[in-house]
Amino acid sequence: MKKLLHSHLRSIQEKGSKLITEKENFLPAISLMKAAGVIKRVRDKKKPFVTVINSYTNHIPGHCHLDALGRRLVERLKKKGFNVWYCNIGSAICDGIAMGHFGMRYSLPSRELIADQIESVICAHPPDGWIGIGNCDKIVPAMLNAMVRLNIPALYISGGPMLAGKENTDLISVFEGVGKYKRRKISKKELTNLAETSCPGAGSCSGMFTANTMNCLAEVLGFSLPGNGTILAEKWVDKEKGITTLNPERIRLVEKAGDVIECLVKNKVRPLDILTRESIDNAFLADLAMGGSTNTILHLLALSFEAKIKYSLKRIGFLSKKTPTVCKVSPSRKEVHIEDLHRAGGVPAILKALSKYTRAPLSLEAKNVLGQGLKEWIEKAPEPDGNIIRVGENVFFPTGGISILYGNLAPQGAVVKTAGVEKEMLCFKGRAVCFDKEEEATRAIWEGKIKSGQIAVIRYEGPKGGPGMPEMLSPTSAISGTKIKAALITDGRFSGGTRGLAVGHISPEAAEGGPLAIVKNGDLMEIDVKKRKIDLLISQKEFEKRFKSLKPFKLKVKGGWLRRYSEDVLSASFGAAMKDVVSPD
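A word on the packing of helix α8 (residues 171–182) against helix α9 (residues 188–197)
Helix packing geometry: the angle between the two helix axes and the distance between the axes.
And step 1. Contact geometry of α8 with α9 gives a least axis separation of 9 Å together with a crossing angle of 170°. Taken together, the axes of α8 and α9 are roughly antiparallel relative to one another. Residue-level inspection shows S173, V174, G177, V178 and Y181 of α8 in contact with α9, the latter providing K188, L191, L194 and A195.
And step 2. Per-class residue counts for the contact of α8 with α9 are six nonpolar, two polar and one charged.

Written out as structure tokens, the structure is:
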């Protein structure tokens, strides 16, 4: 049973906007609503209220068009007779822009900040339902977390994925291009051309990175409309000249959200009527089948804690063994992008492939915001095309695209994106080269100080140690760009754009006294993805000796809200959720 945040939330769940519109003592509030243009006359207070919470910003290409979509949704809701509150939450961070400097430490924590902002808006101005419009990285899971935390009628809609570049490139092409340029494999002109052409316009970056993975999984969880994850944000007007425009199909999907919230409000269907342990299973199964971003493990675990649904890394490991990788999209398959998956049938086609041709334990009774069961939703999806989606002997990998590893280095677990690992790297033994900062590791890779056969260890970059568990695309892209056969392990996390043998989320993290803190340069380590093991190959006596001499970690940030976050966040095995979410008083 989920405990309420406070008694006021129970009142909002029961009465909605009537909480502030029924009694005369709230007429001053009604006067202010009229002043803001939310209502035209005092009598309009009797109409239901819907809040549209947008996350428009031109800090992020995935969000630069959201105001245009939001305004269309607001007009749709007004025509349907709703009073509409329209607001914009802040703290929307672009991981690609924050990458490689201290600003990335704010990215994962912003998930909590955004969910808290939504809680503040809804509780201070109670509506009868709300719609979240997001697209990228932490904004999506923040909105989903807020949906279950508040548990009033709601749905989520995304802005859609970006088109691939003219030369079938994407953001990862640019990151890997930097590694090639540093090693003098391409010219500055070639690198500049990649930057000019790889991200052609609005939308979440075009591979199966974190944003697009989460937008696809929002469909599977039942919180979004079919097509949410794969209908493109834009279409080409002139591909040769690089001219794009908003995609009419995406506009129609956003407008349809107005029809759906009307039904949810009328029938008082709440997020926790939809979300179950089985629907979380389904989301992880889809993620495993399409080799999605490892960041989804953090976000879905945090969602389960918000909903008070018991879930663990071990459950994900179990599902991974039951689920083949039936789809691979960039970065795991560089020439394939989200637009290709959409043409192949999108998320429903992946789920149909799992249901019909594998032993994956999908729950076909799980519901979505349309009231459809999964079985009804996927039955009209196309059959696997044999290229983008593959089944039988042609699957990309016999188990899931993400694996959970355990061992003396990660007693509470670690995560690797199996779909992005070359077969010859699945079993790897090498000597450790240790770094306590991501930037130092990236510089060493660029300078050729990391050799084939070595394992770069980046520690004190977890939720508490980083702080904020900064995403590491620069070092993994540097390894891929330089073509060395090296591994990377960390208590931090990786971009959804990562490929190669990169093991993250090592728990407990070094800052919590985890085993990663005692690794020394030259230590022999073994990563066996097939056996799901990761170990430091030293004697037990030496292991214990090093722990005894380990000094307590001192927080890196001395003030501001990031300091408060550092004090209360838990390790990756808990989804980097806050202590009060996992163990409320």
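Back to the write-up after that little detour.
Considerations on the pattern of salt bridges
And step 1. The tally for this structure, following the rule as stated, stands at 29 salt bridges.
And step 2. Between R71 and D67 there is a salt bridge, with its nearest N and O atoms 3.1 Å apart. Pair noted here: R71 and D67 are both in helix α4 (residues 66–79), with a separation of four residues, about one helical turn.
And step 3. Via salt bridges that share partners, D95, D137, K138, E471 and R493 belong to a single interconnected network.

As for helix α7 (residues 139–150)
And step 1. The first and last C-alpha atoms of α7 sit 16 Å apart over twelve residues, in line with the 16 Å expected at 1.5 Å per residue.
And step 2. Among the twelve residues in α7, twelve count as buried, and that is most of the element.
And step 3. Within α7, the full set of buried residues consists of I139, V140, P141, A142, M143, L144, N145, A146, M147, V148, R149 and L150.
And step 4. Downstream of α7 by one or two residues, N151 has phi in the positive range, about 55°.

Some remarks on helix α13 (residues 277–289)
Note that an α-helix has 3.6 residues per turn; residues three or four places apart therefore point the same way.
And step 1. Helix length check: α13 (13 residues) gives 18 Å between terminal C-alpha atoms against 18 Å at 1.5 Å per residue, within 8%.
And step 2. Across the 13 residues that make up α13, a large majority, eleven, are buried.
And step 3. Those residues of α13 that fall on the buried side of the exposure criterion are S279, I280, D281, N282, A283, F284, L285, A286, D287, L288 and A289.
And step 4. After α13 finishes, the residue G291 shows a positive phi value of roughly 55°.

What counts and what doesn't
Residues numbered from 1 in each chain as written. Predicted model: local features only at pLDDT ≥ 70, side-chain atom pairs only at ≥ 80, totals over all residues. Heavy atoms only, no water. Axes fitted to C-alpha atoms, helices over the stretch in contact; angles between N-to-C directions. Helix = DSSP H or I, 4+ residues; strand = E, 2+ residues; numbered from the N terminus. Parallel < 35°, antiparallel > 145°, perpendicular 65-115°, else oblique. Contact = heavy atoms within 4.5 Å. Nonpolar A, V, L, I, M, F, W, Y, C, P; charged D, E, K, R; others polar. Salt bridge = Lys/Arg side-chain N within 4 Å of Asp/Glu carboxyl O. Expected span 1.5 Å × (residues − 1). Buried < 20%, exposed > 50% of the residue type's maximum accessible area, 1.4 Å probe, protein only.

Everything listed here is a matter of coordinates, which is why it stays silent on function.
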